[in-house]
Number of protein chains: 2
Amino acid sequence: MRLYSMPSSGNSYKVRLILAMTGQAARIVDCEYGSRALSQARQQGALPYGKVPTLVLDDGRVLAESNAILWYLGEGTRFVPEDPVERAQMLGWMFWEQYNHEPVIAVRQALISYPHRAAEATPQRLAELLERGHALLQVIEEALSGRDWLVGDQPSLADLCLYAYTHSAGPRGGFEMGHFDAINSWLARVETLPGHVPLSG
Amino acid sequence: MRLYSMPSSGNSYKVRLILAMTGQAARIVDCEYGSRALSQARQQGALPYGKVPTLVLDDGRVLAESNAILWYLGEGTRFVPEDPVERAQMLGWMFWEQYNHEPVIAVRQALISYPHRAAEATPQRLAELLERGHALLQVIEEALSGRDWLVGDQPSLADLCLYAYTHSAGPRGGFEMGHFDAINSWLARVETLPGHVPLSG
């Protein structure tokens, strides 16, 4: 398998995490934003959906969308629950992540850390994202109250998926993580899972 | 099963479609926007995630997120491909629908048709959504070029999911559907599937 991955992106990081945690091998092609590698991959037609992460399988078929790739690499491992209801609850968190969490929690990090997004980073937009982000973090905080993992008794793709942009929400996004005890314990739990790798490295 | 469903909403419609097409029974509780039924359901704690559609299973467990409910009701039926790659490609379309398609194609329909959204329906916002929506419809148009269905040779959850807000994009959203021949043929194909039901009725 060949993974086109953006080193700084949480969406790509999710995929690197599941690869490392399940011991699956893929050749990783780093395509940072604005890099020559990214333009080359585009020119070569390696990214038919235009985005990273993109996973190219050995038979040439291509998967896009970070959470769909996560599903593909996770199916049949301990990160996908056997119970059909828990499986659907797990996917529910993953859809929530793309619809609600990513457009706020990841976007504030992008506006602050990517020079090409700086023009959008007005004080009003940053303040609005901060407020909305704290409300979203509160949803996760309450879901984790009295629980170790988002679904069932084991870590699942839902945890890896939401970990990716939540673990950097404080340092990169300026969210006030001190208010979220259950989230902080859960982040630490994800980091002790065998195979865990940091965002960059 | 009990489905809390908003009659006018494409996200709820997806779930009614898969129920009808797979012959699964659920008691449907209509909760239109602003209705007494919706406030009652909220007050009774029937919507722990605050949203419709919400599916309450016979054992009391609750599923939210339309596409996760679609997965739950579709798993094991002909609407979920057996091939793992096709299954992931199907989920890829479903994540794309929530991240890219719904926030544009569904939102323009909502701004035009719901009185409580009218203040957001400025000419500038409607024009921007029109342009972005046509680009998204073009992605579907190209994906359907020379194909009957989005994934593999059979209708899947990806088709039902994207049908919901695409079939009303012209009449409710003002998108210029005359430009999209492959989409129009595909919409007609979905409508001939056994069990198809209209949005309202």
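These numbers were taken from a predicted model, which means no experiment stands behind them.

Observations concerning the domain arrangement of chain A
Interface size is often expressed as the accessible area that is lost when the parts come together.
All names here are of chain A.
Phase 1: Partitioning chain A into structural domains gives domain 1 (2–74) and domain 2 (84–191).
Phase 2: Using only C-alpha atoms to locate each centre, domain 1 and domain 2 end up separated by 21 Å.
Phase 3: Of the residues lining the interface, 18 residues belong to domain 1; the matching set on domain 2 comes to 18 residues.
Phase 4: Roughly 1,400 Å² is buried in total at the junction of domain 1 and domain 2, and carbon and sulfur atoms are behind 67% of that figure.
Phase 5: On inspection of domain 1 and its partner domain 2, the count reaches one salt bridge.

Focus: the sheet that holds strand β1 (residues 2–5) of chain B
Adjacent strands of a sheet pair through backbone hydrogen bonds, lying either parallel or antiparallel.
All names here are of chain B.
Phase 1: Taking strand neighbours across the sheet as the criterion, the four strands line up as β2-β1-β3-β4 in an open arrangement whose pairing is mixed. In this open sheet, the two strands that pair with only one neighbour each are β2 (27–30) and β4 (62–63).
Phase 2: Pairing between strand β3 (residues 54–56) and β4: two bridges, direction antiparallel. Looking at β4, one finds that Leu55 is bridged to Leu63.

Thoughts on the sheet that holds strand β1 (residues 2–5) of chain A
Residues and elements named next belong to chain A.
Phase 1: Strand order across the open sheet formed by four strands is β2-β1-β3-β4, with mixed pairing between neighbours. Sheet topology places β2 (27–30) and β4 (62–63) at the edges, where each strand pairs with a single neighbour.
Phase 2: Most of the contacts of helix α1 (residues 10–22) go to β1, to which it runs at about 145°, and overall it touches β1 and β2.

Some remarks on the environment of Ser35 of chain A
Residues and elements named next belong to chain A.
Phase 1: One can find Ser35 in the loop between β2 and α2 (36–43).
Phase 2: C-alpha separation for the pair Ser35 and Phe175, spaced 140 residues apart in sequence, amounts to 28 Å.
Phase 3: Only 3.1 Å separates the side chain of Ser35 from the backbone nitrogen of Leu38, close enough to count as a polar contact.

Points about the side chain of Gln109 of chain B
Residues and elements named next belong to chain B.
Phase 1: Its location among the elements puts Gln109 in helix α4 (residues 84–113).
Phase 2: Engagement of the side chain of Gln109 in a polar contact is seen with the backbone oxygen of Tyr165, the distance being 2.9 Å.
Phase 3: Setting aside residues no more than four positions away along its own chain, Gln109 makes contact with Tyr165, Ser168, Ala169, Arg172 and Gly173.

Comments concerning the interface of chain A and chain B
Phase 1: Taken residue by residue, the interface counts 29 residues in chain A and 29 residues in chain B.
Phase 2: Across the chain A to chain B interface the summed buried area is about 2,500 Å²; carbon plus sulfur atoms make up 66%.
Phase 3: For the pair chain A and chain B, the number of links is four salt bridges.
Phase 4: Counting across the chain A and chain B interface gives six residue pairs in polar contact (both at pLDDT 80 or more).
Phase 5: Secondary structure elements with two or more residues in the side of chain A that touches chain B: β4, α3 (66–74) and α4 (84–113) of chain A.

Quick notes on the relation of the copies chain A and chain B
Phase 1: Superposing chain A onto chain B takes a rotation of 180° plus a shift of 0.0 Å along the axis, which leaves an RMSD of 0.0 Å. Here the transformation between the copies is reduced to the relation of a two-fold axis. Closest approach to the rotation axis among the C-alpha atoms of chain A is made by Tyr99 of chain A, whose C-alpha sits 2.7 Å away.
Phase 2: An overlap of 100% is found between the interface residues of chain A and their copies at the interface of chain B, pointing to a shared contact surface.

A short note on the pattern of salt bridges
Phase 1: The full count for this structure, using the stated rule, is 18 salt bridges over all chains.
Phase 2: Ionic pairing is found between Arg132 of chain A and Glu128 of chain A, a salt bridge with its closest N-O pair at 3.1 Å. In this pair, Arg132 of chain A and Glu128 of chain A both sit in helix α5 (residues 123–143), four residues apart, roughly one turn of the helix.
Phase 3: Ionic pairing is found between Arg189 of chain A and Asp148 of chain A, a salt bridge with its closest N-O pair at 3.7 Å. Note that Arg189 of chain A is positioned in helix α7 (residues 181–191) and Asp148 of chain A in the loop between α5 and α6 (157–166), a separation of 41 residues in sequence.
Phase 4: Take Arg189 of chain A: its relative accessible area is 22%, and that puts it in the partly exposed class.
Phase 5: One salt-bridge network, held together by shared partners, links Asp59 and Arg61 of chain A together with Asp83 of chain B.

Some details on the nonpolar core
Phase 1: Within the largest apolar cluster, 114 residues are counted, with the highest numbers of intra-cluster contacts made by Leu91 and Trp186 of chain A together with Leu91 and Trp186 of chain B.
Phase 2: Counting residues per element, this core draws most heavily on α4 of chain A, at 13 residues.
Phase 3: Those residues in contact with Trp186 of chain A that lie beyond four places of it in its chain are Leu144, Asp148, Trp149, Leu150, Asp159, Leu162, Tyr163 and Thr166 of chain A.

Quick look at the pairing of β2 of chain A
Residues and elements named next belong to chain A.
Phase 1: Across four bridges, the pairing between β1 and β2 is parallel. Across the sheet, residue Arg2 finds its bridge partner in β2, namely Arg27.
Phase 2: Read as a crossover between parallel neighbours, the route from β1 over α1 to β2 is right-handed.

What counts and what doesn't
Residues numbered from 1 in each chain as written. Chains lettered and ligands numbered in written order. Predicted model: local features only at pLDDT ≥ 70, side-chain atom pairs only at ≥ 80, totals over all residues. Heavy atoms only, no water. Domains from an automatic or database assignment. Contact = heavy atoms within 4.5 Å. Buried area = accessible area lost by both parts, 1.4 Å probe. Salt bridge = Lys/Arg side-chain N within 4 Å of Asp/Glu carboxyl O. Pairing = 2+ DSSP bridges. Helix = DSSP H or I, 4+ residues; strand = E, 2+ residues; numbered from the N terminus. Axes fitted to C-alpha atoms, helices over the stretch in contact; angles between N-to-C directions. Polar contact = N/O pair within 3.5 Å; in protein donor to acceptor, adjacent residues only side chain to side chain. Least-squares fit on C-alpha atoms with pLDDT ≥ 70 in both. Buried < 20%, exposed > 50% of the residue type's maximum accessible area, 1.4 Å probe, protein only. Core = buried A, V, L, I, M, F, W, Y, C linked by side-chain atoms within 4.5 Å. Right-handed = clockwise from strand over helix to strand, strands pointing away.

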